[in-house]
Every structure is written in C-alpha cells, then in structure tokens.
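Structural overview for review
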Amino acid sequence: MKIVNTDQINFEGFWEQKPFPHLVIDNFFTDEVAQEIAKEFPAPGSPAFSALYNNPIEVKQAGNHWDKFPSMTYKAFFYLSSHQFTSYLQQALEFKKEIYADYGLHGGGFHTHPTGGLLNVHLDYSIHPKLGLQRKFNIIVYINPRYQTGWGGELGLWNSEDGKPTTLAKTVEPVFNRAVLFETTTGWHGLEIPNKFPEGESRNSLAIYYMIEPDADADPRVRALFAPSEAQKGDVEIEEFCKQRSKL
C-alpha cells in the first residue's frame, strides 16, 4: 500500500531556504491514507493523549503510544520509521550521514491544539535522552480536513541570532495533508499566537523526528529551549518558567 506521495516531492532548494532549511509539502500522504487518518484522529481528551500541557507557553495534548494508534495511523508511522523511507530521505536530501527514525516517537506522535492552543517559539532538543543521537529533521503533517484560512494556527519559522529567536520570517498554514520538513539544529519555530479554531475543531498533526550520529559541535541539550512571546517579554515569572521548562 502506498502511504506517501514520494514521487511528487521536489527537494530542490531545501538547504537554501530561509530562515533555516525547510520544505512545505502539500498532498503528503496519498488521499486514501490522509482521509482515513483524519477519520481516526482522536478528539482532545481522548486516552490516546498521554501528555497534557496547559501553561503560559504550551496549550496542547500529545500521545506517542503505538498501541493507541488506530490502524491507518499505525501504518503511516510504521512506514515513516522504516529504513525504506529514511533511505529515501537521505538520498533526496543528498545527506552524507545515515538518517535514523526514532521508533519511540520521543516528543512525536499525535499532537492536538484545541481552541486557544499555542506553543511558544522554541528550539527542539539536540540530543535524544536515551539514544544519544542528534535530532536533525522534523516532519509534521497537518490533519485538519475542515481547516479554513482565518482560524489561525500557522506554524511560525523564526530568524535567530546568537542562539535566540529574533523576528518572524515565515508562516505556514496548517492545511489538510500538508507536511513541513525542516532541519532542527537552528530551527526556531512555534505557534506563538493562540489559534482561533472554532469550538469542536482542533489543530491536529502527526509528528516524527529523525536522528543522526552527533556532529562534533552538537549542542548536548536534551530538552527544548523556549522563548517568551513578544507579549511576555519582561514578565519575570514567565521568563523563569521558560528556563525551568528547558531544564531536566
């Protein structure tokens, strides 16, 4: 069964994209797969979501337990974790190091942001806390079949300087079956403005991350770095919360 429209993805220019290497891919899954995943996607509050965040910098739910994935979702993650797909990704990106999937989906899996959901701008963890491998690429696929422009929830890609985000460079609408592939080493990104999805709708996505043997200069961090939003800057409590959130 064909899962991803790999024959339709053009990787040209990936490494030259600003503010960091990335690619926006529409119609990522085949239509049959995307529609079935949408039907399966759990509602907020479902037992499929084992991680619940409700604080000033994160309002979201996540779940990465394979036994909670319905059939088509399971098949999609199985394929995206396969050597077949990682080899395809390595070749398409003309990347010299071998790329590995994280079968445990640490931080990945189901993600949902209900009405008002947000995720402050952040830089993902650098070193996997159990594998010791360096996180290098993210793939996020939006599963919002009824999404309408104006609902918000755009992914923000940020310029950075001296290891901190500076200005918003680009936004990506969470269009149904749109994937975003990006390099995570300098990839400050987030959902800084709470989404305006109507009640009963949520900003849903699947997320999977890819690893490499650590570069010589790899940051040893095992947690994400968060930054206060523009409205939160100068708020001592929130700035301290960001620091604590980034610690073990």
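Here we summarise the structure given alongside this text. Computed from a predicted structure; not experimentally measured. (Residues numbered from 1 in each chain as written. Predicted model: local features only at pLDDT ≥ 70, side-chain atom pairs only at ≥ 80, totals over all residues. Heavy atoms only, no water.)

Scanning the entire structure with this criterion turns up 22 aromatic pairs. Centre to centre, the rings of Phe 11 and Tyr 88 are 5.8 Å apart; their planes meet at 70°, and the pair counts as edge-to-face. With Phe 11 in the segment before β1 (22-25) and Tyr 88 in helix α3 (residues 83-92), the pair connects residues that are 77 residues apart, well separated along the chain. Here the two residues Phe 11 and Tyr 88 agree in accessibility, since each one is buried. An aromatic cluster of three or more residues is present, and its members are Phe 41, Phe 49, Trp 66, Phe 69, Tyr 74, Phe 77 and Phe 110. (Phe/Tyr/Trp six-rings, centres within 6.5 Å; stacked < 30°, edge-to-face > 60°. Helix = DSSP H or I, 4+ residues; strand = E, 2+ residues; numbered from the N terminus. Buried < 20%, exposed > 50% of the residue type's maximum accessible area, 1.4 Å probe, protein only.)

What follows is about the pattern of salt bridges. Summed over all chains, the structure comprises 9 salt bridges. Residues Glu 58 and Arg 245 are paired through a salt bridge, measuring 2.9 Å at the closest nitrogen-oxygen approach. Here Glu 58, found in strand β3 (residues 58-63), pairs with Arg 245, found in helix α4 (residues 236-245); they are 187 residues apart in sequence, far enough to count as distant. The class for Glu 58 is buried, based on a relative accessible area of 1%. For Arg 245, a relative accessible area of 18% puts it in the buried group. Ionic pairing is found between Arg 135 and Asp 124, a salt bridge with its closest N-O pair at 3.1 Å. (Salt bridge = Lys/Arg side-chain N within 4 Å of Asp/Glu carboxyl O.)

Among the nonpolar cores identified, the biggest contains 42 residues, and Phe 28, Phe 29, Leu 80, Phe 85, Ile 143, Leu 181 and Tyr 210 are the most heavily contacted of them. Elements represented by at least two residues in this core include exactly β1, α1 (31-40), α2 (71-80), α3, β7 (134-142), β10 (179-183) and β12 (203-212). For Phe 28, the residues in contact, after removing those within four places along its chain, are Ile 3, Val 4, Asn 5, Ile 9, Leu 80, Phe 85, Ile 139, Val 141, Asn 177 and Ala 179. With 13 residues, the next largest nonpolar core counts Leu 133, Leu 157, Val 172 and Val 180 among its residues. (Core = buried A, V, L, I, M, F, W, Y, C linked by side-chain atoms within 4.5 Å. Contact = heavy atoms within 4.5 Å.)

The next point concerns α4. The set of residues buried in α4 consists of Ile 238, Cys 242 and Arg 245. Projected down its long axis, α4 shows its buried positions confined to an angular sector of 70°, all on one face. In α4, the exposed positions that point more than 90 degrees away from the buried face belong to Val 236, Glu 237 and Lys 243. The N-terminus of α4 is capped by Asp 235, whose side-chain oxygen sits 3.1 Å from the backbone nitrogen of Glu 237. (Arc of directions from axis to C-beta. Polar contact = N/O pair within 3.5 Å; in protein donor to acceptor, adjacent residues only side chain to side chain.)

Below, the discussion takes up α3. Turning to α3, its buried residues are Phe 85, Thr 86, Tyr 88, Leu 89 and Gln 90. The inward-facing, buried residues of α3 contact α2, β4 (100-101), β7, β10 and β12. One or two residues past the end of α3 sits Glu 94, with phi positive at roughly 55°.

What follows concerns empty space enclosed by the protein. A complete count under the given rule lists 1 cavity of 30 Å³ or more for this structure. In this structure, the largest cavity spans a volume of roughly 40 Å³. If you trace the largest cavity, you find it lined by Ile 9, Phe 11, Ile 25, Phe 28, Phe 85, Leu 89, Ile 139, Ala 179 and Leu 181. If you list the elements that add at least two residues to the lining of the largest cavity, you get α3 and β10. (1 Å grid on protein atoms, 1.4 Å probe; cavity = no way out; pocket = protein on both sides within 12 Å on 5 of 7 lines; lining within 4 Å. Points joined across faces, edges and corners; volume = space filled by probe spheres on them.)

So, on to the environment of Glu 40. Secondary-structure assignment places Glu 40 in helix α1. For Glu 40, a relative accessible area of 16% puts it in the buried group. Here Glu 40 is in contact with Pro 70, Ser 71, Met 72 and Thr 73, once residues within four sequence places are set aside.

Now for the pairing of β12. Across the 10 residues of β12, 10 count as buried, placing the element largely inside the fold. Side chains Arg 203, Ser 205, Ala 207, Tyr 209 and Met 211 of β12 all project onto a buried face; the interleaved residues Asn 204, Leu 206, Ile 208, Tyr 210 and Ile 212 project onto the opposite face, where all are buried too. Note: β4 against β12, 2 bridges, orientation antiparallel. What sits directly across from Tyr 100, in β12, is Met 211. Sheet analysis places β7 next to β12, joined by 8 bridges and oriented antiparallel. Considered in β12, the bridge of Ile 139 is made with Ile 208. (Pairing = 2+ DSSP bridges.)

What follows is about the packing of α1 against α2. Here α1 crosses α2 at 125°, and the two axes come no closer than 8 Å. Considered as vectors, α1 and α2 are oriented oblique to each other. Crossing handedness for the pair α1 and α2: left-handed. Contacts between α1 and α2 involve Val 33, Glu 36, Ile 37 and Glu 40 from the first element and Ser 71, Met 72, Thr 73 and Ala 76 from the second. Looking at the contact of α1 with α2, its residues break down into 4 nonpolar, 2 polar and 2 charged. (Axes fitted to C-alpha atoms, helices over the stretch in contact; angles between N-to-C directions. Parallel < 35°, antiparallel > 145°, perpendicular 65-115°, else oblique. Left-handed = near helix turned anticlockwise from the far one by under 90°. Nonpolar A, V, L, I, M, F, W, Y, C, P; charged D, E, K, R; others polar.)

That is the geometry; function is a separate question.
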